[in-house]
Amino acid sequence: MELDALFLSRLQFALTIGFHFLFPPLTIGLAWLLVLTEWLGWRRGDEDYVRAGVFFGKILGLTFAMGVATGIVMEFQFGTNWAEYSVFVGDVFGSLLAVEAIFAFFLESTFLGLYLFGRDKVSKAVHWFSILMVAVGATLSAFWIIVANSWQQTPAGFVVQNGRAELADFWAAVFNPSTIPRFSHTMSATIIAGAFLMAGISAYLLLKDKETAVARKTLKIGLIVGLIASVAAMFPTGHHHAQQVARTQPEKLAAMEGLIHGQRAAPLTLIGIPSEEPPELNYAIGVPGLLSWMAFGDGDAHVDGIEDLRRQGHPTPPFAITFISFHLMVGLGSLFIALTALGVLLLATKRIDNSRLFLKLLICSIPLPLAACQLGWIVAEVGRQPWVVYRLLKTSDAFSQNVAAGEILFSIIMFGTIYLMLGVLYLFILVKKIKQGPQPLVTKEI
Amino acid sequence: MDLNTAWFLLIGVLLTGYAILDGFDLGVGVLHLFARDDRQRRIHLQAIGPVWDGNEVWLITGSGAMFAAFPLVYARVFSGFYLAFMLLLAALIFRAVSIEFRGQVDDARWRRFWDWAFGLGSLVPALLYGVAIGNVVRGLPVEADGTLNVSFLALLNPYSLLVGVFSLVMFVMHGAAYLAARTDGELQQRMARWTTGAWTAFVALYLAVTAATFFAAPYFFDGILGNPLLWILAVVLLGSIAYVPIAVNAKTFTRAFLASAGAIASLVGLFGLSLYPRMVPSSIDPANSLTIYNASSTPRTLTVMLVVALIGMPLVIAYTAYVYRVFMGTLKSTTEGY
């Protein structure tokens, strides 16, 4: 691959969205967990929950700031690096992004200020309402950004006219075939990310014998919510999403499931080693007929493979990266169910305090849901290639023709350096905050 | 009024909201570079801490609205100003994280680093916004197919730099008035002096920019002198500018801040009035200019988005006003936070 403007713009987008996407899942998940924690603190008058709220609220604030700082790049980057894309899709895609800004960004940002700084300035009810609005705003933001991205995956509600996609039916564009499956799946992933963060930090506090009364309560919240969300990520949402991909994006399904040759009673591959051109899958172990059954509800149904789709004239995505990312994600998803189920079992039998190995495992697992999110994102985006808008516009026709490769190289180095520094500092401050642990409640004078 | 004009107006409202709200954040950030001691710096950060993030959303929404309503302007200008936008983004990233990071480690060098990041992360955007407006007023090399490509250095022409310094001074005045309204004692007096000082520079630069525009972009005055809206905006502008020092002398700093906001709003209004119906005038051939008609989305999208905006923005304004009411009050430095 040479360093041309197309490749560099793709690299920059992958880098900036990948780094940005570490933070929103944490803030969305954590915001909902705080809605619950703060509710318990307010309604039960239990100071432990309030202190947990203050403690995790600071982590939310830090993470949110990272999301804001890296997110603003995204709102500009379609125009700077993907001008031809912006011209082609502006009428539809641009409006979806604008709806996100109007209905979600204002809500979450404004109420986050009230939540973080207003604890002593407003009533408990209003304060709880503020974290609720943060969670609702963050969720709406996720909804609209997934609407916009889903429109790239399964475009609907438009006509191609005057050299661009023009809006024909707003609601058809919003609720295109992949919106709901992808939104529900992503939401369950964000809750897992928040739950593992809360559970992992609580496990650390328990191991260090620090603020154990608070930690036990947040560990319980993290594990129970984590289990529910982990199951939901697999079934129904993950399953639902895969079925939708099977119906609407057969190229992506074939690549992620590693199906080279179409067949009836297609197997569900559990593991295998992919190689790229010609696409091959070696040492594969699978369950016969299961893919047909899962995708179409019929164990004998025909599923198209990569070769069939190519013969039909449809370009297919890079095979190995899609296949590997998908299988790693599913593996992690299974691990989340196992871990949280074990945790809930230990909670129920009151053995969790003494399960030091399990608590250590929970700490190590904090980043895993984020890894799963990144992998899922890679499956979604790489699996759509070579299209930027599925079967409508190729990525290679979408980048800004008037930006020089050298300029993009400069901005990649700039973002790379800044993000590396921010990532290190974020971790440093996060660890510092976690080590400080929940603080005693003080009434602030301002 | 047709749909395209309504959207031109709406984006003007979003950018005005941004200039007034995040404008004082940027001004506070620039003033941060000149703070006397750590106590003052903490007050600066407390003054904008709970609200700056919501304020920045006005820019993000303005940009999103541009993408939705005038995708051609969004695509051509953003890619044509590539390096300038990258610089702006880097500055805004640094500003955002420095507000969050500064108070996290109790170490003088750590704080000094983030103080600079916060100050420069505010100064660069405050300057670049003016530079961008200056370049739009001069006209950009828009080709017949609507594309444009301007090197970063070409953006830094004398006229645009003059407008850049003007916008920087305007935000400093605005930020100083905001801080004066929110503080007491010595810091308040200091900010009162800064407001007056920046105001003097603002008036001088306003005259200079207006005179320079006659030479740099004479077309900018064509056909609007007979427009009554021009004269209304001019009266508001002059009244607001004249009132700033009066309010400072009377120690009614909230009024000084509101007058400064009025000046900013009427300046954006005048800029929009002269630009209309163009969005990006072409310096190659006026026929190449991107206008609200040849750069817009379809009527259907403009209609849908107008409905969205008319439902959404009143809600935004209502809860933003509520949150401001909670936080507005005199600040005394505490050791908590930042």
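Residues numbered from 1 in each chain as written. Chains lettered and ligands numbered in written order. Predicted model: local features only at pLDDT ≥ 70, side-chain atom pairs only at ≥ 80, totals over all residues. Heavy atoms only, no water.

This next bit is on the overall build of chain A. Each helix and strand counted, chain A has 15 helices and eight strands in total. Its C-alpha atoms give chain A a radius of gyration of 23 Å, within 12% of the compact-globule value 22 Å for 446 residues. Principal-axis analysis of the C-alpha atoms gives chain A an extent of 70 × 50 × 40 Å. A buried classification covers 60% of the 446 residues belonging to chain A. Considering only contacts in chain A between residues 6 or more positions apart, those separated by 24 or more positions represent 77%. Approximately 17,200 Å² of chain A is accessible, and the part contributed by carbon and sulfur atoms is 67%. Placing the 31 positive and 31 negative side-chain charges of chain A at their respective mean positions leaves the two points 14 Å apart. (Helix = DSSP H or I, 4+ residues; strand = E, 2+ residues; numbered from the N terminus. Rg over C-alpha atoms; globule rule 2.2 N^0.38 Å. Buried < 20%, exposed > 50% of the residue type's maximum accessible area, 1.4 Å probe, protein only. Contact = heavy atoms within 4.5 Å. Areas by Shrake-Rupley, 256 points an atom, 1.4 Å probe, with all protein chains shown as cover. Lys, Arg positive; Asp, Glu negative; His and termini not counted. Charge placed at Lys NZ, Arg CZ, Asp CG, Glu CD.)

Turning to the interface of chain B and chain A, a few remarks are in order. Each side of the interface is counted separately: chain B has 66 residues, and chain A has 73 residues. Note on chain B versus chain A: buried area summed over both sides is about 6,000 Å², and carbon and sulfur give 76% of it. Area buried by chain B at its contact with chain A is led by B:F67, B:Y82 and B:I93, which between them contribute 11% of it. At the junction of chain B with chain A, the criterion picks out one salt bridge. Note that B:R76 is salt-bridged to A:E84, the shortest N-O span being 3.1 Å. Taken together, chain B and chain A are joined by 19 residue pairs in polar contact (both at pLDDT 80 or more). Breaking the side of chain B that touches chain A down by element, the ones donating at least two residues are α3 (52-69), α4 (71-80), α5 (82-101), α6 (108-138) and α12 (299-327) of chain B. Its residues assigned to classes, the side of chain B that touches chain A comprises 44 nonpolar, 16 polar and six charged. (Buried area = accessible area lost by both parts, 1.4 Å probe. Salt bridge = Lys/Arg side-chain N within 4 Å of Asp/Glu carboxyl O. Polar contact = N/O pair within 3.5 Å; in protein donor to acceptor, adjacent residues only side chain to side chain. Nonpolar A, V, L, I, M, F, W, Y, C, P; charged D, E, K, R; others polar.)

Take the nonpolar core next. Grouped together as the largest cluster of nonpolar side chains are 261 residues, with contacts concentrated most on A:Y85, B:W7 and B:F101. A total of 18 residues in this core trace back to one element, the largest contributor, which is helix α4 (residues 83-117) of chain A. When sequence neighbours within four positions are dropped, the list of residues in contact with A:Y85 reads A:F78, A:G90, A:F93, A:Q152, A:V388, A:V389, A:L393 and A:A398. Residues A:A255, A:L281, A:I306 and A:F319 belong to the second largest nonpolar core, which totals eight residues. (Core = buried A, V, L, I, M, F, W, Y, C linked by side-chain atoms within 4.5 Å.)

When pLDDT is averaged along chain B, the result is 91, and 98% of the positions lie at 70 or above. Per-residue pLDDT, averaged within each element of chain B, yields its smallest value for helix α7 (residues 152-155) of chain B (88) and its largest for helix α8 (residues 158-182) of chain B (96). (pLDDT = per-residue confidence, 0-100.)

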